[in-house]
Each structure stands twice: as C-alpha cells, then as structure tokens.
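Summary of structural features
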Number of protein chains: 2
Amino acid sequence: MPATQSLHLSVDCVVFGYNDSGLKVLLINQKGLSTSPETTPRSQLPGDLILMNEGLDQAAQRVLFELTQLEGVYLKQFKAFGDPNRVKDLKDRAWLQSVRHLPDQRVVTVGYYGLVSLQDYEPRPSSFAGGVQWSELSEVGPLAFDHNSILDEAVETLQDQLESQHISFELLPKKFTLTQLQALYEIVLDKKLDKRNFRKNVKKMTHVVPLDEKQTGVMHKPAQLFSYEPQKD
Amino acid sequence: MPATQSLHLSVDCVVFGYNDSGLKVLLINQKGLSTSPETTPRSQLPGDLILMNEGLDQAAQRVLFELTQLEGVYLKQFKAFGDPNRVKDLKDRAWLQSVRHLPDQRVVTVGYYGLVSLQDYEPRPSSFAGGVQWSELSEVGPLAFDHNSILDEAVETLQDQLESQHISFELLPKKFTLTQLQALYEIVLDKKLDKRNFRKNVKKMTHVVPLDEKQTGVMHKPAQLFSYEPQKD
DNA sequence: AAGGTAAGTGTATATTTTACACTTATGAAG
DNA sequence: CTTCATAAGTGTAAAATATACACTTACCTT
C-alpha cells in the first residue's frame, strides 16, 4: 500500500465582470507579503481551501464571498487542476507560509467560472484579502501559482458555453436592451456580429422576453427593454 | 482559521467500450467483502486515491491500469465530484474499511471518461480487484458510492463531445470502415443517421484518411479501410 | 451461374446563415 | 418649433448547409 495520502483541496473562482467598456476579471492582491526582491507581490484569483463539511459548489460561493463580498454569483465548475508542483514556485512560498498551517502541502484546486454585471456588483476586499480589483482581461499580468492557465481555460470555457448555457444574462442588468446583449456577445466572443441577424436569433430564444418598458433619458430612439425568464421545460 | 483540512482525493474512470453489439462500460467488483445482508456487493467504477507525486491525468492512467490492466487508454477529465457525504453510505463502509487506512475520511473524486475498442483491449482483473466486466450501458444496476451519477454525467459528456473531440476513433480498431464509424455514432448518439449524408460529412474531416487497403474475407463488396490521422494545425 | 450481402454513390429540396441600407424616435441646440 | 445628432429598429435576396431518398457494384457462397 502506498504512503498515506495527504493533500489540500481548494477552489479558485474566475469571475468575469462586464460593462460597456469591456470584459474584466476579478483579482485579489496577496496580503501581508514581506517585500523582499524575490517575493514581488503577485495578484491571484480568489480561492481558498474548502471546508470539511461543504460541497464544492458551496465552497466556491463561500470563498468568493469571504474574499470579495460578492454574493449570489453564478458559478460553474469547469476543471480540476492537479499538477503536483502547482504551488511549489518560490515566488508563491512566502505567501503560503503566511496563510497556511501546512504551506508545503500539495494543493489540488477545482476551478469555477462566474459572471456578474459590473453595474450590479461592487466587490470589496474582506479582511482576508489585501485588495480586490477588476482587471481588463487583456491586461492581466503574471498571477500567482498556475492562475494564468486557470484563467485561460476559463475564458475558453466561457466562449464555448456562452450560447448554450444561458449565462450571458448574468453579465447584464436585469433589464437590458438588445444592443447591450449584442455588445456582450461581441466582447466575449471577440468578434463583430451583424445587428439584424443577431436580433433574428434572439427572437428564437424564448427565454428572452420583451418588457412593457423602454429606455428613457437617451438622446435617440429609446430601445425596447428585455429581461431573462428562465423557464422550466 | 478553520480546522485543518483533511480529505482524500481520488480519480474514477468511466471507460466506454464499443463493438458492433453495443456500448459498454467497464466495472469492477469489490473484492473481499464480508457477505452480511446489508453489504451486498456492488460493482463500481475503477478508481482509487491519487499518489502524492503524480498529476491527475497520470493518476487516472495508473489507476485504470492497476485495476484492469488497460493501458494507453484515452482518458479525459470531465468533472470533480465533492459531495461531503458521497462515501458515507452504510453499504459502502464495509468495503472502505477493508481497503483504506482512513475509511471515514471524506473523499473528493475527479471523474475521467475513456474510450476503447473492445477488439483491441482485453481487461483483466489485477490483484487489487475482485473482477472486471464490461456491462451493457442499459443494464448497469446500482453501483457503489455516487458512481451511477458519475456514469450518467460521463454519458452526457461523451455525447456532447463525440463530434468535437475526435474521440470516436478511440473506440474503433486502427483500421476501420465508414460503416463501422457510422454504427458507432448511432450507438453513442442513440439515433439513426443517413448513410450518404454521414459519408459526406466524413469527407470533410481531414483527419480521417483512406488507406490503400480494403476489407477482406467478407461475403459482399469489400469496404475501403480508413484510419485516423491526428494532425497538428 | 445465380443469389445474397453490405458498399458505394448523386441530386433535388428545405433549412439555416449571411450580407447588406434605410427609416424612426428621442434629446439637444439654435 | 425646426434642425441635427444618435442609436433603434426592420426585410430580403443569395449562399451555404442539411436533409431525404434508391439503385448499382463487388465479393462470397452454393
């Protein structure tokens, strides 16, 4: 029989935030780092060890809340990351030593991606985190651990699942215009779409319903407002 | 700070096997069970704890080999299962006590699905397992732990990814006919396909290449043989 | 030589996807 | 109150893709 297994399990959340100016990802700054040369502080995805009595989805919700005060975010598991050396980089050791009982322990993590409208959610650092920011996706620098890979895979997953999973609506205000919805698709998929064809497709989505309400206060023809109605088929 | 985390991590493999008679899944029988009434032996997916110095994909390969002697199988991670009570069912306790140092420990598992041609692979029980069989998918009874859910999710994943992931070819002999390929699609997707349209689609798949070889020994027009050539685009 | 079997092949129709440009309702400025 | 600027909203034709469908061919067996 092999030596007794001893490792940690964490969740990491890749939370995308959207407003008209682009797609962002939620990062936290490692707190309380000694600022010696080789421990330049790096940002990381919000993540932490799961507790002994909670499920994975539940852990993702809790951890995200504890680190960023974000609550009720749609989070979906997308992949487990288990390279035996994923937390062994020297640059990450100092920080681990400051927060873990067993900083040398191997950590396997389960990745979640999530989606919020930047208008509806205001993240705030909790006592556990040194700072929370939304970073423009294209401007994310080197992150701690293997978090750049996790982020990359989350982006791919988001693109793949945007259409099938009804997740776009998590990124928009409750009431939205079709132009907003289209802009979101264009940003996430990173390509331009034709307005008329896009609207034809939306007409087929029975879960996108027009409200008895129009945009106000705009200096152009006011747009019809829509909302998302999940339905039990 | 929370109590120190202490849990186990395993991998479970859902290996599908295919031949002309249908789609099967590889199960092992729990070995050495005391046969008291409430511990009726149940079958389970091949799975075990990961080792401290191996990655997840690597663990899946090793565990499958150790339990079934199957080697070099295409295995793809599809989901982590982490319900805190997934190994707490009374029916599973007896067996866990016989194989684990810490039978009460929580176990999170990472699910892999795999694909083999029944003609190319002959599973044999290793010393660790009490028996290995291929079970017709529709005839799988109650499995240990949450393995029925894991199996169900694997089937869905297989259907979703059959076309995009080039995985069909893992289920066929190295040299195959288009009729075989079509039969496979029909069984996995569980619907009939049109022969001519199917062949039109295959012509577009540049990774399916005709060989200079035909079927022999059949009492009808011999079919062209094809093989799968993965390509680096 | 005849019969049985699965392989192999093309075309017409329906559906889906794409490309593309003008009119309309509002607020702001004069 | 007229004019202008702005984004909303709308239809059609052409191209690409997907579907439905039936006969001929090559080999083996008897």
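Note that the structure is a prediction, hence the values are computed from the model and not measured. (Residues numbered from 1 in each chain as written. Chains lettered and ligands numbered in written order. Predicted model: local features only at pLDDT ≥ 70, side-chain atom pairs only at ≥ 80, totals over all residues.)

A look at the overall build of chain A
What chain A contains, in helices and strands, is five helices and nine strands. From first element to last, N terminus to C terminus, chain A shows the α and β order β-β-β-β-α-β-α-β-β-α-α-α-β-β. The buried share of chain A, reckoned over its 233 residues, is 34%. Restricting to contacts in chain A with at least 6 residues of sequence separation, those with at least 24 account for 69%. (Helix = DSSP H or I, 4+ residues; strand = E, 2+ residues; numbered from the N terminus. Buried ≥ 20, exposed ≤ 12 C-beta atoms within 10 Å, placed from the backbone. Contact = placed C-beta atoms within 7 Å.)

With respect to the interface of chain B and chain A
How big an interface is tends to be expressed through the accessible area that disappears when the partners come together. The interface of chain B with chain A comprises 24 residues on the first partner and 24 residues on the second. Residue assignment for the side of chain B that touches chain A shows that the elements contributing at least two residues are strand E1 (8–19), strand E5 (74–81) and strand E6 (107–117) of chain B. For the side of chain B that touches chain A, the per-class residue count stands at twelve nonpolar, eight polar and four charged. (Nonpolar A, V, L, I, M, F, W, Y, C, P; charged D, E, K, R; others polar.)

Re the protein's contact with DNA strand D
Taken together, 23 residues sit near DNA strand D, with Thr179, Arg196, His220 and Gln224 of chain A together with Lys221 of chain B positioned nearest. Elements supplying a minimum of two residues to the surface near DNA strand D: helix H4 (178–189) and helix H5 (195–204) of chain A together with helix H5 (195–204) of chain B. Here the element with the most residues in the surface near DNA strand D is H5 of chain B; it accounts for four residues. For the surface near DNA strand D, the class distribution of residues is six nonpolar, eight polar and nine charged. (Near = placed C-beta within 6 Å.)

Some points on the packing of H4 of chain A against H5 of chain A
Residues and elements named next belong to chain A. H5 packs onto H4 with a crossing angle of 105 degrees between their chain directions and a minimal axis gap of 11 Å. Here H5 runs roughly perpendicular to H4, going by the angle between their axes. Across the interface between the two elements, Leu178, Leu181 and Gln182 of H4 pack against Lys195, Phe198, Arg199 and Val202 of H5. (Axes fitted to C-alpha atoms, helices over the stretch in contact; angles between N-to-C directions. Parallel < 35°, antiparallel > 145°, perpendicular 65-115°, else oblique.)

Regarding the relation of the copies chain B and chain A
Between chain B and chain A, which share one sequence, the superposing operator has a rotation angle of 180 degrees and an axial displacement of 0.0 Å; the RMSD is 0.2 Å. On this basis, the relationship between the two copies can be described by a two-fold rotation axis. The overlap is high: 100% of the interface residues of chain B also sit at the interface in chain A, so the same surface is used on both sides. (Least-squares fit on C-alpha atoms with pLDDT ≥ 70 in both.)

With respect to the nonpolar core
Core analysis: the biggest nonpolar cluster contains 105 residues, and Cys13, Val14 and Val15 of chain A together with Cys13, Val14 and Val15 of chain B have the highest contact counts within it. If we skip the residues at most four places from it in the chain, valine 14 of chain B touches Val25, Leu45, Gly111, Tyr112, Tyr113, Gly114, Ile150, Leu151 and Ala154 of chain B. (Core = buried A, V, L, I, M, F, W, Y, C linked by C-beta atoms within 7 Å.)

Digging into the protein's contact with DNA strand C
Around DNA strand C sit 20 residues in total, of which Lys221 of chain A together with Thr179, Arg196, His220 and Gln224 of chain B are the nearest. Classifying every residue of the surface near DNA strand C gives six nonpolar, six polar and eight charged.

A few points about the environment of leucine 90 of chain A
Counting through the fold element by element, leucine 90 of chain A comes out in helix H2 (residues 90–99). Along the backbone, leucine 90 of chain A and glutamate 153 of chain A are 63 residues apart, and their C-alpha atoms lie at a distance of 24 Å.

Looking at the pairing of E1 of chain B
Residues and elements named next belong to chain B. Burial analysis of E1 places eleven of its twelve residues in the buried class, the great majority of the element. In this sheet, E6 lies alongside E1 in parallel orientation, the contact comprising eleven bridges. Its bridge partner lying in E6, valine 14 is registered against tyrosine 113. Across three bridges, E1 lies against strand E4 (residues 47–49) in antiparallel orientation. From the neighbouring strand, serine 10 faces E4, where its bridge partner is leucine 49. With four bridges joining them, E1 and strand E2 (residues 22–29) adopt antiparallel strand pairing. Bridge pairing links tyrosine 18 to leucine 23 in E2. Taking the residues between adjacent antiparallel strands as the criterion, E1 and E2 are bridged by two residues. (Pairing = 2+ DSSP bridges.)

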